[in-house]
Amino acid sequence: MRYLTAGESHGKYLMGIIDDYPSGVNIDIDFVNRELGRRQVGYGRGNRMKIEQDKVEFISGLSQGSSTGNPISFLIPNKDFKNWNDKQEEPLLNPRPGHADLNGFIKYHQHSIRDSIERSSARETAARVCTGALAKLLLAEVGIEIFSYVDHIGGIGIQKPVKLTSGLKKQIEGSGLRFPDPVIENRIKQKIGQAAQQGDTLGGSFTVIATGVPVGLGSYTQWDFRLDAIIAKAIMSIPAIKAVEIGDGFQSKNKAGSLFHDEIFYSKTKGFYRKTNHSGGIEGGISNGQDIIVGAVMKPIPTTSKGLKTVNIKTKKAEISLKERSDVCAVPSASVIAEAMVAMVLANAVQDKWGRDNMEEVKLNYQLWQDYYRNI
């Protein structure tokens, strides 16, 4: 499963092409649109979310509600395009620290940082969430589900991991911050409000959990086949993500091996099992049958309403960076985007392991694998 996206933040459309997606997957368009909606909500988002209500239009690769095996293409209209289509703008030359403005201007010989802004914007991730929704539909066929929650914003947070019961997942999904604790969430909202009044932004961290993942996805045979390495690359590709961990990755430096590693047990009813999951479901680059747990840290958004010190690219004189409509905090949205990225990685791993062409073939091979594993 490969994908490409195209389009600019204020262009007419975002678009995507998905190749090597198996035939025979029922594509629930309402589910895809709900996933797009999940990316847009969250306390601390900017006014643009009141304009855009993302809906997907599939152009190819589907027939009678199912994938055909042909390349899937789709469009997501930008409703804000009409507000920018005829807008005349002098070249922008005051780059924002922390964004791609200056680097892109230099790399691509641009005349305005607007050219970098339009493509490097996180608006592009709507196309990724659409692609990730299709990956989730594929994964559901073999019992794999993916969910996320926010664990820290602005230095306020909870200890993790959190045990996700069905009730808690429902609560998180209804939370403005995708946060598991309503009391602490109110404290975070107050801090976001203070940041907004001060013209500033806040970052934080989140956790993505994939359940139902079987043993055997990924490989240690080559560096770029390792499942944890592929996941880390995918998460780091999300704008503003600065760090990724698998399981208790950041805490492993504080523990002896006897306390960190997940000891192996066996029973006739459970088969091989662990009592802990510090490794986050991946050992030696291969899934070990436990939940895959991925943590990531998002930096504060570079666009602040009060601006930051910068330099005009042409005059070299000191200026204040571009003040553009933006979010105060987008950590909840980043967690939803990360779900999509993990889904795409796992969908690829499932196809690598059990087949690429047709979903019935994938499910048959998956069942044969399960039979083999149970009878070791």
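Placed above this text is the structure.
Residue numbering note: each chain is counted from 1, following its sequence as written. Reporting in this predicted model follows two pLDDT cut-offs: at least 70 for local features of residues, and 80 or more for side-chain atom pairs to be given and counted; totals over whole chains, interfaces and linings ignore these cut-offs and use all residues. To obtain the side-chain values, all non-hydrogen atoms of the structure were included, while hydrogens and water were left out.

Draft legend 1. The packing of helix 1 (residues 29-40) against helix 11 (residues 331-354), seen in detail. Between helix 1 and helix 11, the shortest axis-to-axis distance is 7 Å and the interhelical angle comes to 145 degrees. Contacts between helix 1 and helix 11 involve Glu35, Arg38 and Arg39 on the former and, on the latter, Ser333, Val336, Ile337 and Glu339. Amino acid classes used here: Ala, Val, Leu, Ile, Met, Phe, Trp, Tyr, Cys and Pro are nonpolar; Asp, Glu, Lys and Arg are charged; the rest, including Gly, are polar. Of the residues assigned to the contact of helix 1 with helix 11, the class counts are two nonpolar, one polar and four charged. Fitting a line to C-alpha atoms yields each axis, with helices limited to the stretch in contact; the angle taken between N-to-C directions then spans 0 to 180 degrees. Secondary structure elements are defined from DSSP: runs of H or I of at least 4 residues count as helices, runs of E of at least 2 residues count as strands, and each element is numbered from the N terminus. Contact definition: two residues touch when any of their heavy atoms are within 4.5 Å.

Draft legend 2. Up close: the packing of helix 11 against helix 12 (residues 359-374). One can describe the packing of helix 11 onto helix 12 by two numbers: an axis separation of 9 Å at closest approach and a directional angle of 75 degrees. Considered as vectors, helix 11 and helix 12 are oriented roughly perpendicular to each other. For the pair helix 11 and helix 12, contact is made by Val350, Lys353 and Trp354 and by Glu361, Val362, Asn365, Tyr366 and Trp369, respectively. Of the residues belonging to the contact of helix 11 with helix 12, the class tally is five nonpolar, one polar and two charged. Reported orientations rely on four angle classes, namely roughly parallel under 35 degrees, roughly antiparallel over 145, roughly perpendicular from 65 to 115, and oblique for the rest.

Draft legend 3. Structural detail: the environment of Thr207. Here Thr207 shows up in strand 9 (residues 204-211). Throughout this description, buried means an accessible area under 20% of the type-specific maximum (1.4 Å probe, protein chains only), exposed means over 50%, and partly exposed covers the range between. The exposure class of Thr207 is buried, given its relative accessible area of 1%. Between the alpha carbons of Thr207 and Gly295 there is a distance of 4.4 Å; along the sequence they are 88 residues apart. In this structure, Thr207 is in contact with Phe147, Ser148, Tyr149, Asp151, Lys160, Ile293, Val294 and Gly295, ignoring residues within four places of it in sequence. As used in this structure description, the phrase polar contact means that two N or O atoms lie within 3.5 Å; if the pair is within protein, one of them must be able to donate a hydrogen and the other to accept it, and residues adjacent in sequence are counted only when both atoms belong to side chains. Polar contacts involving the side chain of Thr207 include one to the side chain of Asp151, which spans 2.8 Å.

Draft legend 4. Highlighting unusual backbone geometry. Even without glycine at this site, Gln64 takes up a positive phi of about 50 degrees. Within the secondary structure, Gln64 sits in the loop between strand 4 (62-63) and strand 5 (66-67). In the Ramachandran plot, Lys316 falls in the positive-phi region, its phi being about 70 degrees despite a non-glycine side chain. Mapped onto the elements of the fold, Lys316 is located in the loop between strand 16 (309-311) and strand 17 (318-320).

Draft legend 5. Representation of the pattern of salt bridges. Salt bridge, as applied in this entry: a Lys or Arg side-chain nitrogen positioned within 4 Å of an Asp or Glu carboxyl oxygen. Within the structure shown, the criterion is met by 21 salt bridges. In this structure, Glu339 and Arg38 form a salt bridge, with 2.9 Å as the shortest nitrogen-oxygen distance. Here Glu339, found in helix 11, pairs with Arg38, found in helix 1; they are 301 residues apart in sequence, far enough to count as distant. Taking the relative accessible area as the measure of exposure, Glu339 reaches 0% and is therefore buried. Arg38 sits in the buried class, given a relative accessible area of 13%.

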